Amino acid sequence: MDSPRRPAGRIPREVHIENDMDTGTDHAQGGRGHGGPGPLRIKDALTRILATLQPCTKQERVTVRQALGRVLGADVVATGNVPAHTSSAMDGYAVRGADLPTAGTGTFHLAGSALAGHPFAGEVGAGECIRITTGGALPHGADTVVVQEEVTVHGARVHITAGHHTGQHVRRAGENVAAGATVLHAGRRLAPADLGILASLGITEVLVFRRLRVALFSTGDELRPPGEPLGAGEIYDSNRCTFHGALARLGAEVLDFGIVRDDPAALRMALQDAAAGADVVITSGGVSVGVADHVKAALAQVGRIGFWEVRMKPGRPIAFGRLDSGAAFFGLPGNPVSALVTYYRIVQPALDFLSGAEPRLPLALTVPTRDALGKARGRCEFHRGCLEADPTGTFSVRLAAPEGSGILRSMSLANCFIVLPEDSGPVAAGALVRVEPFAAFV
Ligand code: AMP
Ligand code: MG
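Source: prediction; values computed, not measured. (Residues numbered from 1 in each chain as written. Chains lettered and ligands numbered in written order. Predicted model: local features only at pLDDT ≥ 70, side-chain atom pairs only at ≥ 80, totals over all residues. Heavy atoms only, no water.)

Student: Got a minute to help me understand the environment of I282 in this structure?
Tutor: Summarising the element assignment, I282 is placed in strand β17 (residues 280–284). Residues I282 and A186 lie 96 residues apart in sequence; the distance between their C-alpha atoms is 27 Å. Aside from chain neighbours lying at most four places away, what touches I282 is V214, A215, L216, F217, L247, F330, L332, Y343 and V347. (Helix = DSSP H or I, 4+ residues; strand = E, 2+ residues; numbered from the N terminus. Contact = heavy atoms within 4.5 Å.)

Below you can see the structure in the form of structure tokens.
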């Protein structure tokens, strides 16, 4: 981890966890014999995590083309107007607004043209007009554009009827971005439109926080990497592949430490190796209380455990701590859905924070559920849903697939989480529920 200074910019000290939906009171007390805090509410787990971590402060310059998904390190202030000149928003004729007829038809003398990239050098005089194309600079004197479909042209005489108004179809200089305005703030995770805004300002390079280095391994004697034959009782390690994808979306650098056996010494060594060059270590499997679950014990030997249970389903066992190197540690459950849900809910906000990124506030909607939903009180539940509109455009949500925490297809088929708060009991079909769509459109 870098120095404990917070990054520059407008990054709020508190991450908003308002979408969290925990409505329970204080978390259950007692460490179940492990000396830990007992199952935490999601919100409290995140508060603890963020209180422990220091955001990365190192920055680097990258080209705008390489900056997609990277976190901006400093505010970007516009050095000029975009557009730089007042221009036409339509193909048509530029005139002086004062010359427009208030009744009947006015006739204008066609004095030249201003095509995009080819400005008209002179001035538009009284009673004159200029042929102009979309994006063409508005010539001196002109302040109004009449769309070409609305005029009649006879040679150099252009007839314009009444009904137009001064200033129409004109893009003012700076109406997109005004010189001196802060267009993008530090902490912004750059989206495609942001790259376009930077380019529109003529910027070729930006300062971004360095990528997070995230070490990753899967645990389990039953796991084999795809590409190798499966022995009796073995399965392919899918979680590592899932996390490669999730981390790539965050722009993290992934250090892949493969599959580690359910063996305390092997886990200890793997944790130390992984921690050596990483900001964060993420593992999956082995965090429950079975005989082959050694991750917590290994963590206790080469680091410190913060907590290992969160009141959520799927995903109750999830270990968080620090390794002696300073790296943050997340031990996620092995079940593929549990691993991914805990990643989105617990790990991703932490990675955003560590990256210097402003917290994201997921879009949430309230819609009726078409399926009845089982629900135990005292934990926040995340069902995988398909949010759909009927032919009248009314939205509702249904379960995407069978609900098992091993059924990764449910995440693949879903387009949203159905989030049921801690204090909710079972939900009947037709009841209103909160959904959080997975992805934005742009
Ligand atoms: P565990 O959390 O280790 O008890 O594992 C719970 C379940 O998830 C078991 O059925 C494991 O076989 C399965 N599992 C664990 N790790 C992975 C993985 N990397 N990929 C796919 N399934 C896994
Ligand atoms: Mg296991």
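Having seen the structure, we can now continue with the description.
Student: What am I meant to see in the pattern of salt bridges here?
Tutor: For side chains bearing opposite charge, pairing can occur when the charged atoms are close. Applying the stated rule across the entire model yields 20 salt bridges. Here R360 and D352 are joined by a salt bridge, their closest N and O atoms 2.7 Å apart. A residue is classified by how much of its surface remains accessible, and R360, at 41% relative accessible area, is partly exposed. According to the relative accessible area criterion, D352 is buried, its value standing at 3%. (Salt bridge = Lys/Arg side-chain N within 4 Å of Asp/Glu carboxyl O. Buried < 20%, exposed > 50% of the residue type's maximum accessible area, 1.4 Å probe, protein only.)

Student: Quick question: what am I supposed to make of the packing of helix α4 (residues 264–276) against helix α5 (residues 295–302) here?
Tutor: Between α4 and α5, whose axes approach to 9 Å, the crossing angle comes to 55°. As the angle between them shows, α4 and α5 are arranged oblique. With respect to the hand of their crossing, α4 and α5 are arranged in right-handed fashion. Contacts between α4 and α5 pair P264, L267, R268, L271 and Q272 from the former with V295, A298, L299, Q301 and V302 from the latter. Among the residues making up the contact of α4 with α5, the classes are represented as 7 nonpolar, 2 polar and 1 charged. (Axes fitted to C-alpha atoms, helices over the stretch in contact; angles between N-to-C directions. Parallel < 35°, antiparallel > 145°, perpendicular 65-115°, else oblique. Left-handed = near helix turned anticlockwise from the far one by under 90°. Nonpolar A, V, L, I, M, F, W, Y, C, P; charged D, E, K, R; others polar.)

Student: Sorry if this is basic, but what is going on with α5 here?
Tutor: Quick reminder: α-helices carry 3.6 residues per turn. Residues three or four places apart thus point the same way. Buried within α5 are the following residues: V295, K296, A298, L299 and V302. What you see down the axis of α5 is that its buried residues fit within an arc of 160°, all on one side. The elements touched by buried residues of α5 are β13 (213–219), α4, β17, β18 (303–309), β20 (317–323) and β21 (328–332). (Arc of directions from axis to C-beta.)

Student: Help me understand the domain arrangement of the chain in this model?
Tutor: Reports often express the size of an interface as the amount of accessible area lost when the parts come together. The domain boundaries assigned to the chain delineate domain 1 (13–58 + 211–354), domain 2 (87–171) and domain 3 (365–440). The C-alpha centroid of domain 3 is placed 25 Å from the C-alpha centroid of domain 1. The interface is formed by 22 residues belonging to domain 1 together with 20 residues belonging to domain 3. Around 1800 Å² of area is buried between domain 1 and domain 3 when both sides are counted, 62% of it from carbon and sulfur atoms. Put simply, domain 1 and domain 3 have 2 salt bridges between them. With a closest N to O distance of 3.1 Å, R311 and E422 form a salt bridge. On the surface where domain 1 and domain 3 come into contact, there are 7 residue pairs in polar contact (both at pLDDT 80 or more). (Domains from an automatic or database assignment. Buried area = accessible area lost by both parts, 1.4 Å probe. Polar contact = N/O pair within 3.5 Å; in protein donor to acceptor, adjacent residues only side chain to side chain.)

Student: Which parts of the structure should I look at to understand the packing of aromatic side chains?
Tutor: The geometry of an aromatic ring pair is captured by two quantities: the separation of the ring centres and the angle between the planes. According to the stated counting rule, one finds 7 aromatic pairs in the structure shown. Between Y343 and Y344, the aromatic rings sit 5.6 Å apart at their centres with planes inclined by 70°, giving edge-to-face as the arrangement. Here Y344 falls in the partly exposed class, since its relative accessible area comes to 28%. Ring centres of Y344 and F417 lie 6.5 Å apart, and the angle between their planes is 70°; this geometry places the pair in the edge-to-face category. Separated by 73 residues along the polypeptide, Y344 in helix α6 (residues 336–354) and F417 in strand β25 (residues 416–420) bring together distant segments of the chain. According to the relative accessible area criterion, F417 is buried, its value standing at 5%. Cluster of aromatic residues (ring-pair linked, three or more members): F243, Y343, Y344, F382, F417 and F438. (Phe/Tyr/Trp six-rings, centres within 6.5 Å; stacked < 30°, edge-to-face > 60°.)

Student: Explanation requested: the sheet that holds β17 in the structure shown.
Tutor: Sheet strands associate in pairs through backbone hydrogen bonding, adopting either a parallel or an antiparallel arrangement. Overall, mixed pairing links the 6 strands, which are arranged β16-β13-β17-β21-β20-β18 in an open sheet. With one partner strand each, in any of the chains shown, β16 (253–260) and β18 form the two edges of the open sheet. With strand direction ignored, the average angle separating the axes of adjacent strands in the sheet is 15°. Two elements, β13 and β17, share 5 bridges in a ladder whose sense is parallel. Looking across to β17, one finds that A215 is bridged to V281. Where helix α3 (residues 239–249) meets the sheet, it contacts β13, β16, β17 and β21, and its direction lies at approximately 165° from that of β13. α6 rests against β13, β17, β20 and β21 of the sheet, and its axis sits at about 170° to β21. (Pairing = 2+ DSSP bridges.)

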